[in-house]
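Residue-level structure breakdown
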Amino acid sequence: MALSLGLSACARSDAGALGSAPVPPPAEPTEAVATADPPQPGPAQAEAVAPAPVPPLQAAAEAVLRQDDPDFDDYYTQFAFGDLDRDGRDDVAVEYGIGEEGAMRHIANNVRVLLMRDAGLELQRDEPDLFRYCAAVRGIERGRLQVDSLEACMIPFPRTDAHYEYEWTGQGLRLVAERSNEEQIQAQLGELAQALRSGRSADAAAFLRPGPVAAGEAPGAPDPLFDDAARRAEFIAAVEALSEQSFRRSGDNELVATRALASPGGARGERKLHVNLKPEGELAELGAGDTVNDAVATLEWPQGDGVGYSVRFLLIQGRLYLLDHSGFDSESE
């Protein structure tokens with residue numbers, strides 16, 4: 001995703017649906033036409049790479065936005081697709097940069113929502129009070145719009161410092177969740193534990209890869225960390241034990257939550273979640289390019305027979321990815 005530059009989210013205040021455009025049908029394939037006297041080949045040249053085709057839903061959204069603001073894509077655009085109003089049809093959220101006339105770069109981010117209706121996409125009323133931060137649209141999942149707050153918009157590779165979720169109420173967006181990075185880590189660990197408990201291997205696999213992948217690339221195989229049933233059970237128990245524990249500060253940028261109790265396998269000891277909010281090596285070459293590591297989370301639990309287990313995750317744009325894992329001598333801790 002394009003990392004943004006700017007100060008805070010700006011929005012228009014026009015009420016109601018502002019425009020619509022039907023989703024265009026796929027373009028008809030073109031046929032190559034042979035010439036009577038084909039030109040002779042010249043010196044070898046680098047083959048041009050054709051741009052990726054624009055998805056029809058994105059093209060329709062761009063048409064509506066351009067009617068409302070011909071310069072909406074002067075700086076950059078970021079689209080998210082999903083069923084926001086839960087009517088069975090995909091909707092669109094778009095984040096883009098806006099600026100002042102003559103500006104060399106954008107100074108703010110704007111977030112706008114388009115809902116699919118029978119006549120096509122309709123641009124919805126803007127709600128400036130919801131995005132009074134440097135907003136980065138992350139996606140639409142399970143009927144919720146996920147938007148992150150960046151620490152700043154006018155620096156390269158800004159860190160993410162808060163995470164928001166919005167639901168569509170029929171009258172507009174409503175904020176339903178707001179989390180710090182450490183709270184997001186607890187929530188993400190809970191999602192992984194629930195996926196493992198329910199046997200949803202595809203959902204669990206998303207957390208067990210080393211990082212995001214570039215668009216169009218297939219993700220690598222997930223780490224078989226939790227193929228071991230005892231380790232899986234102890235991980236779930238540790239996450240549930242720490243899910244609502246408060247953090248205490250253990251350093252300038254470090255937090256820790258702990259809880260001691262017996263494990264499902266009978267082992268006694270401390271469960272610990274350590275969060276480093278400013279880890280060394282801020283950038284990792286993952287996916288399509290450099291990616292900011294917003295935090296490193298380390299979860300430890302007693303596995304039994306004097307052995308503990310430690311699992312480390314990276315927090316990248318609000319999602320956890322597996323960094324590494326290993327056993328350790330818990331009796332020497």
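Described in the following lines is the structure provided in the data block. (Residues numbered from 1 in each chain as written. Predicted model: local features only at pLDDT ≥ 70, side-chain atom pairs only at ≥ 80, totals over all residues. Heavy atoms only, no water.)

**Some details on the packing of helix α2 (residues 181-198) against helix α4 (residues 229-242)**
Basically, it comes down to this: Between N-to-C directions, angles span 0 to 180 degrees; the directions come from axes that are lines fitted to C-alpha atoms, helices contributing only their stretch in contact. Numbering of helices and strands runs from the N terminus, with a helix taken as a DSSP run of H or I at least four residues long and a strand as a DSSP run of E at least two residues long. For classification, angles of less than 35 degrees are called roughly parallel, those exceeding 145 degrees roughly antiparallel, those between 65 and 115 degrees roughly perpendicular, and all remaining angles oblique. If you view the pair so one helix is near and one far, a crossing is left-handed when the near helix is turned anticlockwise from the far one by less than a right angle, and right-handed when it is turned clockwise. Any two residues whose heavy atoms approach within 4.5 Å at even a single point are treated as in contact. Polar here means any residue outside two lists: the nonpolar Ala, Val, Leu, Ile, Met, Phe, Trp, Tyr, Cys and Pro, and the charged Asp, Glu, Lys and Arg; Gly therefore counts as polar.
At their nearest, the axes of α2 and α4 sit 9 Å apart, and the two run at 140° to each other. In terms of orientation, α2 and α4 fall into the oblique class. Helix-helix and strand crossings are classified by hand; for α2 and α4 the assignment is left-handed. Residue-level contacts link Gln 186, Leu 189, Gly 190, Leu 192, Ala 193, Leu 196 and Arg 197 of α2 to Arg 232, Phe 235, Ile 236, Val 239, Glu 240 and Leu 242 of α4. Across the contact of α2 with α4, the residue classes tally to 8 nonpolar, 2 polar and 3 charged.

**What to know about the sheet that holds strand β8 (residues 160-168)**
Rules: Two strands pair if DSSP finds at least two bridges between them.
Judged by pairing direction, the sheet is antiparallel, and its 4 strands sit side by side in the order β6-β7-β8-β9 without closing on themselves. Strands at the two margins of the open sheet, each flanked by one partner only, are β6 (134-141) and β9 (173-179). Strand-to-strand twist across the sheet, computed as the mean angle between neighbouring axes with direction ignored, equals 30°. Running over the sheet, α2 touches β8 and β9 and is turned about 95° from β9.

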